[in-house]
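# Structural description and commentary
So you can see what is in the structure, the chains are spelled out below.
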Amino acid sequence: MSANAATAINVEVTEAAAKRIARIVSDEPGKTALRVSVEGGGCSGFSYKFDLVEGPDEGDVAIERDGATVLIDDISLVYMGGSIIDFVDDLMGQSFQIRNPNAVASCGCGTSFSI
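So, here is what we can say about the structure in this document. Keep in mind that what you see is a predicted model, and the values were worked out from it rather than measured. (Residues numbered from 1 in each chain as written. Predicted model: local features only at pLDDT ≥ 70, side-chain atom pairs only at ≥ 80, totals over all residues. Heavy atoms only, no water.)

Here we come to the environment of glycine 55. Summarising the element assignment, glycine 55 is placed in the loop between β3 (46–53) and β4 (61–65). For the pair glycine 55 and glycine 30, spaced 25 residues apart in the sequence, the C-alpha separation amounts to 9.0 Å. Ignoring anything within four residues of it in the chain, the contact list for glycine 55 reads Thr32, Arg35 and Leu71. (Helix = DSSP H or I, 4+ residues; strand = E, 2+ residues; numbered from the N terminus. Contact = heavy atoms within 4.5 Å.)

Under the criterion given, the structure shown has three aromatic pairs. When the ring of phenylalanine 50 is compared with that of phenylalanine 96, the centres are 5.8 Å apart and the planes differ by 25 degrees; the resulting orientation is stacked. Pair noted here: phenylalanine 50 is in strand β3 and phenylalanine 96 is in strand β7 (residues 93–99), with a separation of 46 residues, a long-range link. Plain terms: the ring middles of phenylalanine 87 and phenylalanine 96 are 5.1 Å apart, the flat faces sit at 65 degrees to each other, and that makes the pair edge-to-face. On the basis of relative accessibility, which here comes to 14%, the residue phenylalanine 87 falls in the buried class. Feature note: the residues Phe50, Phe87 and Phe96 constitute an aromatic cluster, connected by ring pairs. (Phe/Tyr/Trp six-rings, centres within 6.5 Å; stacked < 30°, edge-to-face > 60°. Buried < 20%, exposed > 50% of the residue type's maximum accessible area, 1.4 Å probe, protein only.)

Comment: phi is negative for the bulk of residues other than glycine, and the bulk of peptide bonds are trans. Positive phi values are uncommon outside glycine, yet aspartate 66 reaches one of about 50 degrees. The topology assignment puts aspartate 66 in the loop between β4 and β5 (68–72).

What follows is about the sheet that holds strand β6 (residues 84–90). Read across the open sheet, the three strands follow the order β1-β6-β7; overall the sheet is mixed. Each edge of the open sheet is held by one strand with a lone partner, namely β1 (12–13) and β7. The sheet contact formed by β1 and β6 spans two bridges and is parallel. Bridge pairing in β6 places valine 13 opposite isoleucine 85. Contacts from helix α2 (residues 15–26) reach β1, β6 and β7, with the element oriented near 80 degrees to β6. (Pairing = 2+ DSSP bridges. Axes fitted to C-alpha atoms, helices over the stretch in contact; angles between N-to-C directions.)

To continue, consider the side chain of serine 37. Looking at the element boundaries, serine 37 is found in strand β2 (residues 33–40). We classify serine 37 as buried; its relative accessible area is 9%.

Turning next to the pattern of salt bridges. Enumeration over the complete set of coordinates arrives at seven salt bridges. In this structure, lysine 49 and glutamate 39 form a salt bridge, with 3.7 Å as the shortest nitrogen-oxygen distance. Pair noted here: lysine 49 is in strand β3 and glutamate 39 is in strand β2, with a separation of 10 residues, a long-range link. A salt bridge links lysine 49 to aspartate 51, with the nearest nitrogen and oxygen atoms 3.8 Å apart. Judged by relative accessible area, lysine 49 falls into the partly exposed class, the value being 34%. Assessed through its relative accessible area of 27%, aspartate 51 is described here as partly exposed. Shared partners join several salt bridges into a network, and the residues in it are Arg35, Asp57 and Asp60. (Salt bridge = Lys/Arg side-chain N within 4 Å of Asp/Glu carboxyl O.)

Set out below in structure tokens:
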């Protein structure tokens, strides 16, 4: 098992997230997966980016659950080890949320964090 595969095992996709991803992807012709990446910026230093993509890039790790695929590049995996990707539907609205144990601070928007 490669280091990337070992790290990816530590990133979990919840059932709610998998169902939502599968539904979104099925409505988008040519798209097969949700890419989650970490970028510099945001109000806390780093931010998550979500994109629908046609397939994996070289070096991506694929996490599959209940017919849904999440792709994470190896650089983003460094920041996301141990994270849980969830989909939340509550009074504040619907959104993908990442519970990241590496984040020491996060923003109210739920997509920005610092390590």
